[in-house]
Amino acid sequence: MLTRACIRTMAMLALFASAAAAWAGTDGDDRWQGGLRAQHFQDRAIVVSKDVIALEAPYRAEDAAIVPLRIRAGFEQSEQRYIKTVTLLIDNNPEPLVGRFHFTPRSGRADLALRVRVNAYSPVRVIAETSDGRLYMDESYVKASGGCSAPIGTDLEAAMRRLGRMKFRVDGPDLEQPLQTQLGVSHPNITGMQMDQLTRMYTPAHYVTRVKVSYEGEVVFRAETDISVSENPNFRFFFIPGREGELLAEVTDNRGKTYSERFRVPTAN
Amino acid sequence: MNRVVDYVLPAAAMVSCLLLSGAARAGAAAPDCVDAPVTAVADGVYVRQGRHAVVFEGSGIANIGFVVGRRCVAVIDTGGSAREGAELLCAVRKLTTLPICYVINTHVHPDHLLGNSAFRKTGAAFVGHRNLPRDLSLLGQTYLQRASAAQGRVLGPDYLVPPDRLVEDGLLLELGGRTLLLQAYDRAHTTSDVTILDDATDTLWSGDLVFLEHVPVLAGSVNGWLRALEALETLSAARVVPGHGPADGPWPDSAAGTRRYLALLRQEIRQWLRDGGDLWDAQRRLGISERDSWEMFDRYHQRNIANAFAELEWE
Ligand SMILES: [Zn+2]
C-alpha cells in the first residue's frame, strides 16, 4: 500500500540523485578562470603577489562553519597610496563572494580579520584594489567541508533574542596611531542553504548585507557581505581616530533591518 | 517557536512508511553473514570497539553495540555505514534469535547513526532524542553527500532513518529481565545526546558525552556539556561504554578527562575573550597543554576552540 508519505519518499529519492555529484569541489582555478574572475574583475590585469595584500587561512578546517581568516596589507595607508577595496572570494562556495571591504587613508592599515564558512575544498582568494586602480591578489587553499549547509550553530532562539546586538572593542590609547578595532554583531547569518532533509524545506536566508562604521561622521570601514560570513559576524579592522570621539556602527541585513551601536573612544579603562 | 512539530510529523510518517514496506520483505537473517567483532563488557552487554579516525575518512570509528534481555534486544548506535550496521546485526544474530525491539541512537553524528538502515527490516523501533529528527534533517543532506563521496555511490534519503520514538526527558525500555533508562540532555556534545543505563549490570552507555583516548569533539555547547557531565557523574554505575575509546572504563573516573579538557577550554577562552584576543590566535595557543593527552587532537582541537569561542563570546 502506498501512503502519501511513501510517494513523497520516492519523490525525494528522485530529487536527490543529483545532489551527491555536487559535493566534490573543484581543485585549482577552475571556477576562477571559468567565470568568477571575469564576473568580478572583467579583463583587468591582476598581479599575484603577497607584497600588497596577504591572506592567512588554515590549510584544513573540520566542519567549517567558523573559519578565521586574516588579511594583511603590505603597506600603511596614506593619502598618496592606499588600499581602497578588498574583495574576498571562496571559489567553491555556493555564493563565492564573501564580501567587499572598503578602506580609506584614515584606516591606517587595510588589515582585516573575519570568520567565514567554507563549504567544500576551495581556493580562498583576496584581491586588493589600490588607490591608483591596480589589482593585487593572494590566495590560499582550504580543505574544509559543509560550512554553508551546517545547521545553525548556536541556539537559534537565543540568537534571535539578541539579534542585532553589537560589541565594540578598541585597543590602544594613542589616538594618532591606527587602533585595532573589533566589531562583533549578534546575528545568526542564516545562509538559506540549511535544508531540512525530510521536508526538503530550507530555513530562509537571513544575513548581514551591509556594515558601515563611522567616526565622528566620517566613514572608516565599510563592507558589503554575503552568506559566507559566519554567524555572529566579527570584523577586526584599524582606524586612526585623530581625536576623541564616537564610533557608530550601522549594520543592515537582507530583510532590510538596520541595527546600530555607538562607542566612545578612547575607552574609559 | 514550534518548529519541532513540523519536523517530527514528516519524520514519523516516513519511518512508518519504511517500516511497513520493510515488514513485508522481512525474513530470517543470513546465517553466514559477516559479523562485527564484539566483546561482552558485562552480562548481556556487547560492544564493538571503534578505531579512531576522522569521520568519513575511516570506518568503524565509534563504539557501538547491543544489550540482550530475556524478551528482546536493544541495539545502541549502528556505526557509520549500512555495512557497519549489517555487521552489527549479524553479530546480534550469531548470539541470539531474540527479536530486536529497539535501535537507540545516542546522538546525530554519522559515525554512530548511518548504520541505521541495516536494521530497518528487523521491525525494531528507532529511538532517539526529541531533537534528533530535526538535527538529522538539518544535517542529513551533508551526511548523505559525504557518505556518498566516501562510498563512491549515490545514497538516497532512505539511507537516513530518523527515530520514531522520541526521548523527551527520560524513557524506560523493558527488554525482559532488564530495563534501560534513557536520559535526554540539552545542548551538550551535540543537541541530541541521550545516555542509556542498563539496570541489570549498572552499565552506562554515555554516547559521546564521554570520550576516552580520542579528543572530545564539541558540536553543541561547552557550558551545556559540562552541565551534563556534572549531572551524569552523580549517577552510580559500575562501568561506562564511552562513545570513543576502549569498550568500557570505570565509572565515574572515565569522565574526568573529558571534563578536564572542556573545563580548561572554557576557562582559557573566557580569559582570552576578556583580554580581547581573537579566534585565530586562540586556535593556536589555547588548550595546548592537553595535546599529549589525546589522539586526533590536531584534527579536532581547533574546531573545538572555534565552536566554544562562538558560544562564549556572546554568553
Ligand atoms: Zn559524536
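Everything numeric here is computed off the predicted structure, so don't read it as measured data. (Residues numbered from 1 in each chain as written. Chains lettered and ligands numbered in written order. Predicted model: local features only at pLDDT ≥ 70, side-chain atom pairs only at ≥ 80, totals over all residues. Heavy atoms only, no water.)

**Q** Quick rundown of empty space enclosed by the protein? Include the residues and the values.
**A** Tallied over the full model, the rule gives five cavities of 30 Å³ or more. By volume, the largest cavity is sized at about 90 Å³. Taken together, A:P68, A:L69, A:A113, A:L114, A:R115, A:Q182, A:N234, A:R236, B:D278, B:L279 and B:W280 make up the lining of the largest cavity. At the level of secondary structure, the elements contributing two or more residues to the lining of the largest cavity comprise β4 (67-73), β7 (112-116) and β14 (234-239) of chain A together with α7 (279-285) of chain B. (1 Å grid on protein atoms, 1.4 Å probe; cavity = no way out; pocket = protein on both sides within 12 Å on 5 of 7 lines; lining within 4 Å. Points joined across faces, edges and corners; volume = space filled by probe spheres on them. Helix = DSSP H or I, 4+ residues; strand = E, 2+ residues; numbered from the N terminus.)

**Q** Describe in detail the sheet that holds strand β10 (residues 194-198) of chain B, supporting the description with residues and values.
**A** All names here are of chain B. An order of β8-β9-β10-β11-β12-β13 is seen for the six strands of this open sheet, with the pairing classed as mixed. Where the open sheet ends on each side, the last strands, each with one partner, are β8 (170-174) and β13 (249-250). With five bridges connecting them, strand β9 (residues 179-184) and β10 associate as antiparallel partners. The residue bridging L180 from the neighbouring strand is D198, located in β10. Along the sheet, helix α5 (residues 222-233) contacts β10 and β11 (203-211); its crossing angle with β11, the most-contacted strand, is approximately 160°. (Pairing = 2+ DSSP bridges. Contact = heavy atoms within 4.5 Å. Axes fitted to C-alpha atoms, helices over the stretch in contact; angles between N-to-C directions.)

**Q** So what's going on with the nonpolar core? Which residues, and what values?
**A** Formed by 54 residues in total, the largest nonpolar core has its most connected members in B:W225, B:W251 and B:I269. At the level of elements, α4 (132-151), β11, α5, α6 (256-274), α7 and α8 (297-312) of chain B are the ones that each hand at least two residues to this core. Among the elements that take part in this core, α8(B) stands out by supplying eight residues, more than any other. With residues near it in sequence (within four places) discarded, B:W225 still touches B:R187, B:A188, B:H189, B:D208, B:L209, B:F211, B:P216, B:V217, B:L218, B:T258 and B:L262. In terms of nonpolar packing, the next biggest core, distinct from the first, is built from 52 residues, A:V124, A:L179, A:V208 and A:A223 among them. (Core = buried A, V, L, I, M, F, W, Y, C linked by side-chain atoms within 4.5 Å. Buried < 20%, exposed > 50% of the residue type's maximum accessible area, 1.4 Å probe, protein only.)

**Q** Describe in detail the sheet that holds strand β6 (residues 125-129) of chain B, supporting the description with residues and values.
**A** Residue and element names in this part refer to chain B. If you trace the seven strands from one edge of the open sheet to the other, you get β1-β2-β3-β4-β5-β6-β7, paired in mixed fashion. Looking at the sheet topology across the chains shown, the edges are occupied by β1 (39-42) and β7 (165-167). Each strand axis lies, on average, 25° off the axis of its neighbour in the sheet, ignoring direction. Looking at chain direction, strand β2 (residues 45-48) and strand β3 (residues 64-68) are connected through four bridges and run antiparallel. Note that in β3 the partner of V45 across the bridge is V67.

**Q** Summarise the coordination of the zinc ion; cite the residues concerned and give the values.
**A** Residue and element names in this part refer to chain B. Distances from the zinc ion to its protein donors, namely H107 (NE2), H109 (ND1), H189 (NE2) and D208 (OD), fall within the range 2.1 to 2.2 Å. Coordination geometry of the zinc ion: the four donor atoms subtend angles of 84 to 167° at the metal centre, consistent with an arrangement described as irregular. Mapped onto the sequence, the donors of the zinc ion take the spacing H-x1-H-x79-H-x18-D. Of this pair, H109 sits in the loop between β5 (100-104) and α3 (110-113) while H189 sits in the loop between β9 and β10, and the two are 80 residues apart along the sequence. (Donors = N, O, S within 2.8 Å, 3.2 Å for Na, K, Ca; no water. Tetrahedral: all angles 85-135°; square planar, octahedral: opposite > 155°, others 65-115°.)

**Q** A description of the pairing of β5(B) should follow, citing residues and the corresponding values.
**A** Residues and elements named next belong to chain B. Counting buried residues along β5, five of its five residues qualify, which places the element largely inside the surrounding structure. Sheet analysis places strand β4 (residues 73-76) next to β5, joined by four bridges and oriented parallel. Counted as the bridge partner of A74 is Y102 from β5. As for the winding sense of the linkage, the β-α-β connection from β4 through helix α2 (residues 82-95) to β5 is right-handed. Where β5 lies against β6, three bridges are found, and the strand directions are parallel. For Y102, the partnering residue across the bridge sits in β6 and is A125. (Right-handed = clockwise from strand over helix to strand, strands pointing away.)

Everything listed here is a matter of geometry and, on its own, says nothing about what the molecule does.
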